[in-house]
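The chain contents come next:
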Amino acid sequence: AGDGSGPGGSAAAEVGEPPAPQRVLFPPTFSVSEIKNKQRRHFMFLRWKQQQRKEKLAARKKRRKEREALGDKAPPKAIPKTIENQRVYDETTVDPNDEEVAFDEATDEFAPYFNRQTVPKILITTSDRPRGRTVRFCEQLSSVIPNSHVYYRRGLALKRIIPQCIAKDFTDLIVINEDRKIPNGLVLSHLPDGPTAHFRMSSVRLRKEIKRKGKEPTEHVPEVILNNFTTRLGHSVGRMFASLFPHDPQFIGRQVATFHNQRDYIFFRFHRYIFKSEKKVGIQELGPRFTLKLRSLQKGTFDSKFGEYEWIHKRREMDTNRRKFHL
């Protein structure tokens, strides 16, 4: 209401003072939801929200003045509660100093890449007979990932493609699936022995759909940033993404590929940074951009019938707590 009380609060005027203009006085048991007229109800709710914002801003200014008056004696600022910092502890969270984790990293399928024994060579393919948007997305993704090749398959099964990839020394296979002409899935298979990850893809934006985008990306090897892959599962997924790019980035190109994990959603962005001065740096998004959600992690190469799965996302069993994350 306009007097600062909530939708269900009372609005009693002080004795001897005339009511302020444009104030609405509600009985103690009245609430905005009881207003029958929809427009009037919406109008009164907006007025109450506006008053709430004003009170919140006034309280913030008061706290800032108190902190300035106290100076060094001011208490530390309160940390706002978010879903991320209230995350339920996961026992599989990776400790960088754990010897078991270090041993697994030295002996897993991606160890030859991180030891610079192999150079990534990527094959990007699509579902059967892709449409225009998926074709353009694959071409732009190929310009982001160095040493990647696009192949549009027509009726050829993945089980027949994988042996051919291994024979031609491809290290990874990326499959872009589509539904109703829109890319909606990504399969990433590390060759020759796996693992294979299946992601749901959403929020795909091509370069021409991004506002204030920069010029076309160059052929320089980009830097790779992996954020918030903290668990053992997230660590494996992050190493899969890292192994797609050559291990030695060319910093002269000033290009960065970022995989940012937040609440088990992986956001991909591709930027170029520009030094405006010694202290200021600007960034330009080059595109494309998309969001991934892990659906399963399978041992070995792609096998939909007889494959052994390390992890499968079961929504009804795993999504019971909003503060529980798996990556």
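Reading guide: rules and limits
- Residues numbered from 1 in each chain as written.
- Predicted model: local features only at pLDDT ≥ 70, side-chain atom pairs only at ≥ 80, totals over all residues.
- Heavy atoms only, no water.
- Helix = DSSP H or I, 4+ residues; strand = E, 2+ residues; numbered from the N terminus.
- Rg over C-alpha atoms; globule rule 2.2 N^0.38 Å.
- Buried < 20%, exposed > 50% of the residue type's maximum accessible area, 1.4 Å probe, protein only.
- Contact = heavy atoms within 4.5 Å.
- Lys, Arg positive; Asp, Glu negative; His and termini not counted.
- Charge placed at Lys NZ, Arg CZ, Asp CG, Glu CD.
- Salt bridge = Lys/Arg side-chain N within 4 Å of Asp/Glu carboxyl O.
- Core = buried A, V, L, I, M, F, W, Y, C linked by side-chain atoms within 4.5 Å.
- Phe/Tyr/Trp six-rings, centres within 6.5 Å; stacked < 30°, edge-to-face > 60°.
- Lys NZ or Arg CZ within 6 Å of the ring centre and 35° of its normal.

A.B. asks: Describe the overall build of the protein chain, and please don't skip the residues or the numbers.
C.D. replies: Along the backbone of the protein chain there are 7 helices and 11 strands. Relative to a compact globule of 327 residues, whose C-alpha radius of gyration would be 20 Å, the protein chain shows 27 Å and is clearly more extended. Counting the 327 residues in the protein chain, one finds 39% classified as buried. Residue pairs in contact within the protein chain that sit at least 24 positions apart in sequence constitute 63% of those at least 6 positions apart. Positive and negative side-chain charges of the protein chain, numbering 62 and 39 respectively, have mean locations separated by a distance of 11 Å.

A.B. asks: So what's going on with the pattern of salt bridges? Which residues, and what values?
C.D. replies: Tallying each qualifying case throughout the model produces 10 salt bridges. A salt bridge links Glu84 to Arg263; its shortest N-O distance comes to 2.7 Å. A residue pair is termed long-range when its members are at least 10 positions apart, and Glu84 in the loop between α1 (38-70) and α2 (99-107) and Arg263 in the loop between β7 (255-262) and β8 (265-275) qualify at 179 residues. A salt bridge links Lys324 to Asp90, with the nearest nitrogen and oxygen atoms 3.8 Å apart. Of the two residues, Lys324 sits in the segment after α7 (315-318) while Asp90 sits in the loop between α1 and α2, which places them 234 residues apart along the sequence. Residue classification places Lys324 among the partly exposed positions, given a relative accessible area of 25%. Judged by its relative accessible area of 7%, Asp90 falls in the buried class. Here the salt bridges do not stand alone but share partners, grouping Glu105, Asp108 and Arg239 into one network.

A.B. asks: Describe the nonpolar core, with residues and values.
C.D. replies: Membership of the largest hydrophobic core comes to 37 residues, with the highest contact counts inside it found for Ile174, Phe199, Phe241 and Ile266. Beyond its immediate chain neighbours, meaning those up to four positions away, Ile174 contacts Ile122, Leu123, Ile124, Thr125, Ile145, Leu186, Val187, Leu188 and Leu244. Leu123, Leu158, Phe170 and Val175 belong to the second-largest nonpolar core, a separate cluster that totals 11 residues.

A.B. asks: Describe in detail the packing of aromatic side chains, supporting the description with residues and values.
C.D. replies: Inspection of every chain in the model, using the stated rule, returns 9 aromatic pairs. Note on Tyr113 and Phe114: the rings are 4.9 Å apart at their centroids and 75° apart in plane angle, and the pair reads as edge-to-face. Residue Tyr113 is classed as buried on the basis of its relative accessible area, which comes to 6%. The class of Phe114 is partly exposed, set by a relative accessible area of 25%. Both rings, one in Phe137 and one in Phe290, keep their centres 5.6 Å apart while their planes meet at 85°; by these two values the pair is edge-to-face. On the criterion of sequence distance, the pair formed by Phe137 in helix α4 (residues 132-144) and Phe290 in strand β10 (residues 289-298) is long-range, its members being 153 residues apart. By relative accessible area, which is 4% here, Phe290 ends up buried. What links up through ring pairs into an aromatic cluster is the set Phe137, Phe199, Phe241, Phe245, Phe259, Phe268 and Phe290. For the cation-ring pair, Lys121 lies above Phe170, with the distance from its terminal atom to the ring centre recorded as 4.6 Å. The ring of Tyr265 is capped by Lys293, whose NZ or CZ atom sits 4.4 Å from the centre of that ring.

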